[in-house]
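Descriptive structure summary
Listed below are the residues making up each chain.
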Amino acid sequence: MIYADNAATTKMSRTAVDAMLPFMEEVFGNPSSLYAAGQRAAEALQSARERVAACIGASPKEITFTSGGSEADNQAILSAAQMGARQGKTHIVSTAFEHHAVLHTLKKLEGQGFEVELLPVGPLGTVTSRQVEQAIRPNTCLVTVMYANNEIGSVLPVGEIGAVCREKRVLFHTDAVQAAGHLPIDTAGQSIDLLSLSAHKFHGPKGVGALYVRQGVPLASLIEGGAQERGKRAGTENVPGIMGMAAALEEACAHMEENTLRVSALRDRLIEGLCNIPHCALNGDPVNRLPGNVNFCFEGIEGESLLLLLDDRGICASSGSACTSGALDPSHVLLAIGRPHEVAHGSLRLSLCETNTDQDVDAILKAVPEIVDYLRGMSPLWKDKISGKKAFVL
Ligand SMILES: Cc1ncc(COP(=O)(O)O)c(C=O)c1O
């Protein structure tokens, strides 16, 4: 199998698995228990908090463990909104191509009377700090802009946006789920107030993540119950998962430079090869993108058919037009960067990691053009385009 869907999830690293096992088999105590077996778990939890904090330029007190990126996004946004409402500030700035964990939370807030402004995204998949600056009003309580986009891989100018927000005294949250472990993060230096991350995107386990909250920013709890996580996130901590996350993040950060070099070379070779397919377009910024992200639109095909045929050849990839709701809606991200519906349907995302090889890239570069050709050969729409009855878009 060739796994090229690392933006969806990653295989756990040996380091992460090894870090988890003792906390399932031996040190299984509840960290809230006062006896020694519980306290050993509590000490491990504290060390994991210190290690996660160190990887993002934070202090341990600023880390709250969550069940993943979605929970961290929800808690960050709802906390900032709650605080804003208390001060009569009900305007929130975000972008049109955030993950649904952000967009659906904002939709919920709209239903509660908040005014949400989604900044338009440029053709290369970015927003500028100038756009953010112009959108901020006296009643803005939160700016939430992702660090890197999960579909098209574009990396946003988070440091510049943070600086604008700090100057305007508006809270700044960034969904760094796709960036953590892959791009350097410095919460203090980048003036970030709230940041979400998720372990399964950097070879850690699924169902565990963290929310960074700058000291002094009040956090509201989503889950009521015990006093875990300083009363901000009830529920017995997922100690094995948290240990796996800390180990995976440390490993990813320690090898970031060499991984970036290796993975971006594979990415660039894939992009160069796929560009030779006629009537295609690369989605996202050709330069300023995640090391492993490749995303193309191929005119005249359906992304789902391409995925299924790639799967037949043992290649795991993803398409933007995920039919999550049963309806085949094209990706909101591709629409946000200006791709027409027809073209957005024919998208393919390949996301690589450091264990992918040159042979994987060779196999993908052989399979994709053949499958695109085959699918176009069966398409009546494509025949109309070839014969000149209909115009090409790309
Ligand atoms: C940008 C982004 N935000 C949030 C999430 C949600 O993370 P989780 O799966 O840990 O809930 C994802 C996962 O795909 C993501 O890519």
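In terms of burial, strand β3 (residues 91-95) is largely enclosed, as five of its five residues are buried. Taking every second residue as pointing to the same face, both faces of β3 are buried, with His-91, Val-93 and Thr-95 on one and Ile-92 and Ser-94 on the other. Sheet topology note: the β3/strand β4 (residues 115-119) ladder contains five bridges and is parallel. What sits directly across from Thr-95, in β4, is Leu-119. In the classification by handedness, the crossover that spans β3, the intervening helix α5 (residues 100-111) and the parallel β4 is right-handed. Looking at chain direction, β3 and strand β5 (residues 140-144) are connected through three bridges and run parallel. Residue pairing across strands places Ile-92 opposite Leu-142, the latter belonging to β5.

The subject of this paragraph is the sheet that holds β5. Paired through backbone hydrogen bonds, the strands of a sheet run either parallel or antiparallel to each other. Taken in spatial order, the seven strands line up as β2-β8-β7-β6-β5-β3-β4 in an open sheet, and their pairing is mixed. The sheet is open, and its two edges are formed by β2 (63-66) and β4, each paired on a single side. Here the average twist between neighbouring strands, direction ignored, is 20°. The pairing of β2 with strand β8 (residues 209-213) spans four bridges and is classified as antiparallel. Each residue of the ladder has a partner; that of Ile-63, found in β8, is Tyr-212.

To continue, consider the site of the ligand. Within the structure, the ligand sits among 13 residues, and Ser-70, Asp-175, Gln-178, Ser-198 and Lys-201 are positioned closest to it. Side-chain polar atom of Asp-175 to a nitrogen atom of the ligand: 2.6 Å apart, as the coordinates give it. Contacts to the ligand include His-200, whose side-chain N or O atom sits 3.0 Å from an oxygen atom. Look at the ligand: alone it shows 390 Å² of surface, and the protein chains cover 84% of it. With three residues, helix α4 (residues 69-86) is the single largest residue contributor to the shell around the ligand. The residue inventory of the shell around the ligand, partitioned by class, reads two nonpolar, eight polar and three charged.

Rules used in this analysis
Every chain begins its residue count from 1, and numbering advances along the sequence as written. In keeping with the model being predicted, local features are shown solely for residues with a pLDDT of at least 70 and side-chain atom pairs are shown and tallied solely at 80 or more, while totals for entire chains, interfaces and linings include all residues. Derived side-chain values reflect all non-hydrogen atoms in the structure, with water molecules and hydrogen atoms excluded from consideration. Residue exposure (1.4 Å probe, protein chains only): buried if accessible area is under 20% of the type maximum, exposed if over 50%, otherwise partly exposed. We count a stretch as a helix when DSSP gives it H or I for four or more residues in a row; a strand needs E for two or more, and each element gets its number in order from the N terminus. The criterion for strand pairing is that DSSP finds at least two bridges linking the strands in question. Every crossover in which the path from the first strand over the helix to the second runs clockwise, viewed with the strands pointing away from the viewer, is termed right-handed. Angular values range over 0 to 180 degrees, each being the angle between N-to-C directions of two axes fitted as lines to C-alpha atoms, with helices fitted over their stretch in contact. In these notes, residues near a molecule or strand are those with any non-hydrogen atom within 4 Å of it. Side-chain atoms alone can form a polar contact between residues adjacent in sequence; in general such a contact is a pair of N or O atoms within 3.5 Å, and within protein one must be able to donate a hydrogen while the other accepts it. In this description, accessible areas are obtained by the Shrake-Rupley approach with a 1.4 Å probe, and a residue is regarded as covered only by the protein chains that are shown. Gly is put with the polar residues, along with every residue not named as nonpolar or charged; the nonpolar set is Ala, Val, Leu, Ile, Met, Phe, Trp, Tyr, Cys and Pro, and the charged set is Asp, Glu, Lys and Arg.

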